[in-house]
Amino acid sequence: MMPDMEEGNGKVSQAEDAETPSGSATSSRPSVDKDEQPKTPWQKYTAMVYQARGNPSVSPDSIRPPSLAQQLFAEVLGTGIYMFFGLAATAAATTAGSSSGVIQVVFVWAIAITMGVMVAISVSGAHLNPAITFTFMLLRPELFAPWKAPLYMVAQILGATLGAVGTWIIFENPINNFERTYGIVRGQPGSELTAAIFCDFYPSPSSLANPALGWTPDTVSRGGAFGMEVFGTAYLVFIVFAVMDPRNQLRLGGAAIAYSIGLAVLILGCIAGPITGLSINPARDLGPRIVAYAAGWDEIAFPGPNNSWWVWTIAPFFGGPIGGLVYDMLLMRGI
């Protein structure tokens, strides 16, 4: 979640002169010619990072801002990486029992999204989530050009779809074997357990599969699922805005942003995983749901039980701006 990479005409003022211990007036930073001044938000951010890391002599203008094509490819790649490893971990846990309990799978998802952010953050800002892009379009237009939002969203959905396709290619036979062993008929009621490898349901099919819990399909209502996804996305965006706050020194490191997002997903997954599966990202559910439909889950994927597929696609678009507005009103501007 870094500043927009679009070229512009912004300027960065030269550092003020500072008095040296000997009394002579010298510049505290190497002077930069007017023509070499950073001209884009991305270059301004680069200059700030160089200066904070004690290397102000490197000219930000020597680093070419990423092209739009590179930014979109970074969104596809970053989203695809985090989706592939997250979905693959879910598939392994479901079909082979490679992990037990919610925490192990959620932990892999947290690591996967951290890796995805690290890959894309220096090129596209690592939105990897249409709800993040939508929120930046509304609340941070100075950092993200709004006209890019539809392109970013398409790239994110494409990346999520490709990650799901990769998971299906690797786990097709294990999924088939699992369904045969347990008498699951794909596309029929009960096949939510394997469809949940790709897309989300409420409550989570793994919660329903454990009779000791006593959960039923009515344990979680549609409104409850929608509210959980709104809350989860709001919390995620709240954390993103906190780390990106100009007053927050952690924002100087992309790794800090990636770790913060990963930790937020880890916490939310432990809470919301059994309830909704925790999407908090329209691309995370929609792309893999398309793959699940094409792979034979049919009405279990679309429109889903109780026509519920839209919950994970729509709710994050409400939660993102809510989380951003809460941060801005309470901590950025104050009330």
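Residues numbered from 1 in each chain as written. Predicted model: local features only at pLDDT ≥ 70, side-chain atom pairs only at ≥ 80, totals over all residues. Heavy atoms only, no water.

Right, let's get into the packing of helix H5 (residues 149–181) against helix H10 (residues 282–297). The geometry of H5 relative to H10 is characterised by a closest axis approach of 8 Å and an angle of 40° between their N-to-C directions. Classed by the angle they form, the pair H5 and H10 counts as oblique. The element H5 and its partner H10 pack so that their crossing is right-handed. Contacts from Gln156, Ile157, Ala160, Thr161, Ala164, Val165, Trp168, Ile175 and Glu179 in H5 reach Ala283, Arg284, Leu286, Gly287, Pro288, Val291, Ala295 and Trp297 in H10. Here the residues of the contact of H5 with H10 sort into 12 nonpolar, 3 polar and 2 charged. (Axes fitted to C-alpha atoms, helices over the stretch in contact; angles between N-to-C directions. Helix = DSSP H or I, 4+ residues; strand = E, 2+ residues; numbered from the N terminus. Parallel < 35°, antiparallel > 145°, perpendicular 65-115°, else oblique. Left-handed = near helix turned anticlockwise from the far one by under 90°. Contact = heavy atoms within 4.5 Å. Nonpolar A, V, L, I, M, F, W, Y, C, P; charged D, E, K, R; others polar.)

Under the criterion given, the structure shown has 15 aromatic pairs. Relative to Phe317, the ring of Phe134 has its centre 5.5 Å away and its plane inclined at 90°; by these criteria the two rings are edge-to-face. Of the two residues, Phe134 sits in helix H4 (residues 130–139) while Phe317 sits in helix H11 (residues 311–332), which places them 183 residues apart along the sequence. Judged by centre distance (5.7 Å) and plane angle (85°), the rings of Phe136 and Phe241 are edge-to-face. Placement of Phe136 in helix H4 and of Phe241 in helix H8 (residues 222–244) is noted, with a sequence separation of 105 residues between them. Each residue in the set Trp168, Phe198 and Trp297 is aromatic and connected to the rest through ring pairs, giving one cluster. Over the ring of Phe201 we find Arg289; its NZ or CZ atom is 5.6 Å from the centre of that ring. (Phe/Tyr/Trp six-rings, centres within 6.5 Å; stacked < 30°, edge-to-face > 60°. Lys NZ or Arg CZ within 6 Å of the ring centre and 35° of its normal.)

Counting through the fold element by element, Gly320 comes out in helix H11. Gly320 sits in the buried class, given a relative accessible area of 0%. Counting along the chain gives 87 residues from Gly320 to Thr233, while the straight-line C-alpha distance between them is 5.4 Å. Not counting residues up to four positions away in its chain, the partners in contact with Gly320 are Thr135, Thr233, Ala234 and Val237. (Buried < 20%, exposed > 50% of the residue type's maximum accessible area, 1.4 Å probe, protein only.)

Among the nonpolar cores identified, the biggest contains 63 residues, and Val117, Phe198, Ile261 and Trp297 are the most heavily contacted of them. If you list the elements that add at least two residues to this core, you get helix H2 (68–96), helix H3 (102–120), H4, H5, H8, helix H9 (254–276) and H10. With 10 residues, the single largest contributor to this core is H2. In this structure, Tyr202, Val220, Val311 and Trp312 belong to the second largest nonpolar core, which totals 5 residues. (Core = buried A, V, L, I, M, F, W, Y, C linked by side-chain atoms within 4.5 Å.)

Attention now goes to unusual backbone geometry. Only a minority of non-glycine residues have a phi that is not negative, and only a minority of peptide bonds are not trans. Of note, the amide linkage connecting Tyr202 to Pro203 takes the cis form, showing an omega dihedral of -15°. Within the fold, Pro203 resides in the loop between helix H6 (192–195) and helix H7 (205–208). Note the cis peptide between Phe302 and Pro303, where omega equals 5°. Even without a glycine there, the phi angle at Leu278 is positive, about 60°. Mapping Leu278 onto the fold places it in the loop between H9 and H10. For Ile280, which is not glycine, the phi dihedral falls at a positive 45°.

Before going further, it helps to spend a moment on the UniProt feature "transmembrane region" (unreviewed entry) in the protein. Sequence positions flagged by UniProt for "transmembrane region" (unreviewed entry) are, in local numbering, residues 72–94, 106–139, 151–171, 225–244, 256–280 and 309–330. With 100% helix and 0% strand, the stretch residues 151–171 has end C-alpha atoms that lie 30 Å from each other. A helix fraction of 100% and a strand fraction of 0% characterise residues 225–244, whose end C-alpha atoms lie 29 Å from each other. (UniProt positions renumbered as here; feature names shortened; annotations may be inferred.)

What follows deals with the side chain of Arg186. In this fold, Arg186 is placed in the loop between H5 and H6. At 3.1 Å, the side chain of Arg186 forms a polar contact with the backbone oxygen of Ala295. When neighbours within four sequence positions are excluded, Arg186 is seen to be in contact with Trp168, Ile175, Asn176, Glu179, Ser191, Ala295, Gly296 and Trp297. (Polar contact = N/O pair within 3.5 Å; in protein donor to acceptor, adjacent residues only side chain to side chain.)

So, on to a nonpolar patch on the surface. Judged by side-chain polarity, Ile314, Phe318, Ile322, Leu325, Val326, Met329, Leu330 and Leu331 come together as a nonpolar surface patch covering roughly 670 Å² of accessible area. Note on placement: Ile322 falls in helix H11. Its relative accessible area of 41% is what places Ile322 among the partly exposed residues. (Patch = residues over 30% accessible without salt bridge, like charges linked within 9 Å, V, L, I, M, F, W, Y side chains within 5 Å. Areas by Shrake-Rupley, 256 points an atom, 1.4 Å probe, with all protein chains shown as cover. Salt bridge = Lys/Arg side-chain N within 4 Å of Asp/Glu carboxyl O.)

A word on H4. Taken together, the buried positions of H4 are occupied by Pro130, Ala131, Ile132, Thr133, Thr135 and Phe136. Taken together, the buried residues of H4 touch H5, H8, H10 and H11. Residue Asn129 occupies the N-cap position of H4, its side-chain oxygen lying 2.8 Å from the main-chain nitrogen of Ala131.

A few words now on the pattern of salt bridges. Tallying each qualifying case throughout the model produces 5 salt bridges. One salt bridge connects Arg284 with Asp200, and the closest N-O pair in it is separated by 3.7 Å. With a gap of 84 residues between them, Arg284 in helix H10 and Asp200 in the loop between H6 and H7 connect regions that are remote in the sequence. Neither residue differs from the other here; Arg284 and Asp200 are each classed as buried.

Looking at the secondary structure, you find Thr194 in helix H6. A distance of 2.8 Å separates a polar atom in the side chain of Thr194 from a polar atom in the side chain of Glu179. Non-local contacts of Thr194, meaning those with residues more than four positions away in its chain, are made with Ile175, Phe178, Glu179, Ile184 and Trp297.

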